[in-house]
Amino acid sequence: MPIVTKGMRKFQKRLKLAEDKKRLEEVLKLKERMQANLEALIKEERVRCFKTYIDMFQVYGSIDYDKSNLIGRGGFTKTYKTKNPGGETVAAKVIDMDKSRQEYREKFLPRQLNILVFLNEHRNEFVLQTFGIAQVRHHIFIYSEYCELGSLVHYQTANKLQHFPKDRIQRWALQLINAIEFLHYYCIAHRNLTPDNIFVKDQDTIRVSGFGFSRFCYDAESGTFRKSSSKREDSPFLAPEIIESETVDPKLGDIWSWGSLVYWLTTGEPVYNPKNMRKKDQKLKSFTYKMVNSERVSRFGSTLLDRLLANVLVSDASKRIPLEAIKNNAWIQESMKAFPDGANILTPPDAHSPPAMDASETPDISAGQSPPESPGTPEQQQQQEPQPDAPPA
């Protein structure tokens, strides 16, 4: 049997993508778009710029900044539940650029916005839909679909779950694979798949969000998949190589995150504790899937799932099982058979296409469309009255 070298693997990947002309065309478009900074995005009207907050409210509906509508917050971001002019409940994420780091404003924010615009044009039912992006002064507003049941963390707390029901784990695991494969198809690595960035749309459906750390990872000049490195916080849902800033294929980190999420959904506990390992001066790559991990998964899940996770949660990224092998695994096949639509959940990425937008849907405002004018009910008209000129600090 001939020896397969790294160079041969790169050539095979390059050849496979080059043969898929439709995919290559979209990937190259995304690569070109990723060069755009915030000013370019505004010039192209992919991000709509308004002089005043009142101007923006007149187009998208006002935001009530009362604490009762605050559904999420970060170091320089706040997310509010609000309504669009048609009366539909949506989420509005407000980014205060004055409070953010320069690296975020110049590097990560443009990358995030470019990816969100691209994903709005290439829909996936398990990726949170972004309706539009706007800028007013030093604030960026990202409007997206609202998930009433919250993130996986909120869902777990609200329902007082130590671990999740088997059928829900199986269904959500399939949907996560679908979303990850979809992103990888277009050479997008998420790199931050955690319970805080997975939202529960309803009992049967989840949405992947949190693209602030995502990146494009295809080198058009060499025709190969680009490696990357960026230091991250010590999260048990991030792969060791992501946390320790190793230069590897970032898509492999998403595979670890999938396994770590499934492990957490099954056992109610994280698979490892990076902070404790660092305190003991242990390298994160020294992590191994131990007997105690196996026993927990077998107890709350199954032996089949345990065998799968043992091959996913491998600290050496080069030895981690690929996504295609996960899809063909016995536990995944068993999970697909557990639901009438199980086989459809793992639809090949090239079968996805942007659905036609219904007239009642929120328009793609990042592409420069304006929402339909709707006077609404007196109550809705009152909600659309201008709020304070700027979001609260």
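Just above sits the structure.
Reference entry: report on the structure contained in this document. (Residues numbered from 1 in each chain as written. Predicted model: local features only at pLDDT ≥ 70, side-chain atom pairs only at ≥ 80, totals over all residues. Heavy atoms only, no water.)

A few words now on the overall build of the chain. What the chain contains, in helices and strands, is 16 helices and 12 strands. Sorting the 393 residues of the chain into buried and exposed places 51% on the buried side. Across the chain, every contact between residues at least 6 apart in sequence was considered, and the portion connecting residues at least 24 apart equals 68%. Carbon and sulfur atoms make up 49% of the accessible area of the chain, which amounts to about 19,200 Å² in all. (Helix = DSSP H or I, 4+ residues; strand = E, 2+ residues; numbered from the N terminus. Buried < 20%, exposed > 50% of the residue type's maximum accessible area, 1.4 Å probe, protein only. Contact = heavy atoms within 4.5 Å. Areas by Shrake-Rupley, 256 points an atom, 1.4 Å probe, with all protein chains shown as cover.)

Let's shift gears to the pattern of salt bridges. Counted under the stated rule, the structure contains 15 salt bridges. With a closest N to O distance of 3.6 Å, Glu-25 and Lys-29 form a salt bridge. Of this pair, Glu-25 and Lys-29 both sit in helix α2 (residues 21–33), separated by four residues, roughly a single helical turn. For Glu-25, a relative accessible area of 44% corresponds to the partly exposed category. Note on Lys-29: relative accessible area 45%, which makes it partly exposed. Between Arg-46 and Glu-44 there is a salt bridge, with its nearest N and O atoms 3.1 Å apart. (Salt bridge = Lys/Arg side-chain N within 4 Å of Asp/Glu carboxyl O.)

Before going further, it helps to spend a moment on the side chain of Asn-84. Following the sequence through the fold, Asn-84 ends up in the loop between β3 (77–83) and β4 (89–96). For Asn-84, a relative accessible area of 10% corresponds to the buried category.

In contact at an axis separation of 7 Å, helix α11 (residues 291–300) and helix α12 (residues 303–312) are set at 145° when each is read in the N-to-C sense. Along this stretch, α11 crosses α12, giving a crossing that reads as right-handed. Of the residues in α12, those in contact with Ser-294, Val-297 and Ser-298 of α11 are Thr-303, Leu-305, Asp-306 and Leu-309. Of the residues in the contact of α11 with α12, the class split is three nonpolar, three polar and one charged. (Axes fitted to C-alpha atoms, helices over the stretch in contact; angles between N-to-C directions. Left-handed = near helix turned anticlockwise from the far one by under 90°. Nonpolar A, V, L, I, M, F, W, Y, C, P; charged D, E, K, R; others polar.)

Here we take up the packing of aromatic side chains. For the structure on display, the rule yields 18 aromatic pairs. An angle of 90° between the planes, with centres 5.9 Å apart, marks the rings of Phe-237 and Trp-264 as edge-to-face. Remark: Trp-264 occurs in helix α9 (residues 251–267) and Phe-237 occurs in the loop between β12 (224–225) and α8 (240–243); sequence separation between them is 27 residues. A relative accessible area of 6% places Trp-264 in the buried class. In this structure an aromatic cluster arises from ring pairing among Tyr-155, Phe-164, Trp-172, Phe-237 and Trp-264. For the cation-ring pair, Arg-23 lies above Tyr-185, with the distance from its terminal atom to the ring centre recorded as 4.9 Å. The lysine or arginine in question, Arg-191, covers the ring of Phe-213, its NZ or CZ lying 4.0 Å from the ring centre. (Phe/Tyr/Trp six-rings, centres within 6.5 Å; stacked < 30°, edge-to-face > 60°. Lys NZ or Arg CZ within 6 Å of the ring centre and 35° of its normal.)

This next bit is on α11. Taken residue by residue, α11 has Asn-293, Ser-294 and Val-297 as its buried positions. Along α11, the residues classed as buried sweep out an arc of 100° about the axis, all on the same side. Exposed residues lying more than 90 degrees from the buried face of α11 are Met-291 and Arg-299. Along its buried surface, α11 packs onto α9 and α12. (Arc of directions from axis to C-beta.)

Attention now moves to the sheet that holds strand β2 (residues 70–73). Taking strand neighbours across the sheet as the criterion, the six strands line up as β1-β5-β6-β4-β3-β2 in an open arrangement whose pairing is mixed. Each of the sheet's edge strands pairs with one partner strand only, and the pair in question is β1 (48–50) and β2. Strand-to-strand twist in this sheet, taken as the mean axis angle between neighbours without regard to direction, amounts to 25°. Of the strands in this sheet, β1, β3, β5 (130–136) and β6 (139–145) touch helix α4 (residues 53–60), which is tilted by about 130° from β1. Taken strand by strand, helix α5 (residues 102–121) contacts β4, β5 and β6, and its axis lies near 145° from that of β5. (Pairing = 2+ DSSP bridges.)

With their axes 10 Å apart at the nearest point, α2 and α5 run at an angle of 150° to one another. Taken as axis vectors, α2 and α5 run roughly antiparallel relative to one another. Our pair here, α2 against α5, has a crossing hand that is right-handed. Touching Glu-26, Leu-30 and Arg-33 of α2 are Asn-114, Val-117, Phe-118 and Glu-121, all from α5. Across the contact of α2 with α5, the residue classes tally to three nonpolar, one polar and three charged. (Parallel < 35°, antiparallel > 145°, perpendicular 65-115°, else oblique.)

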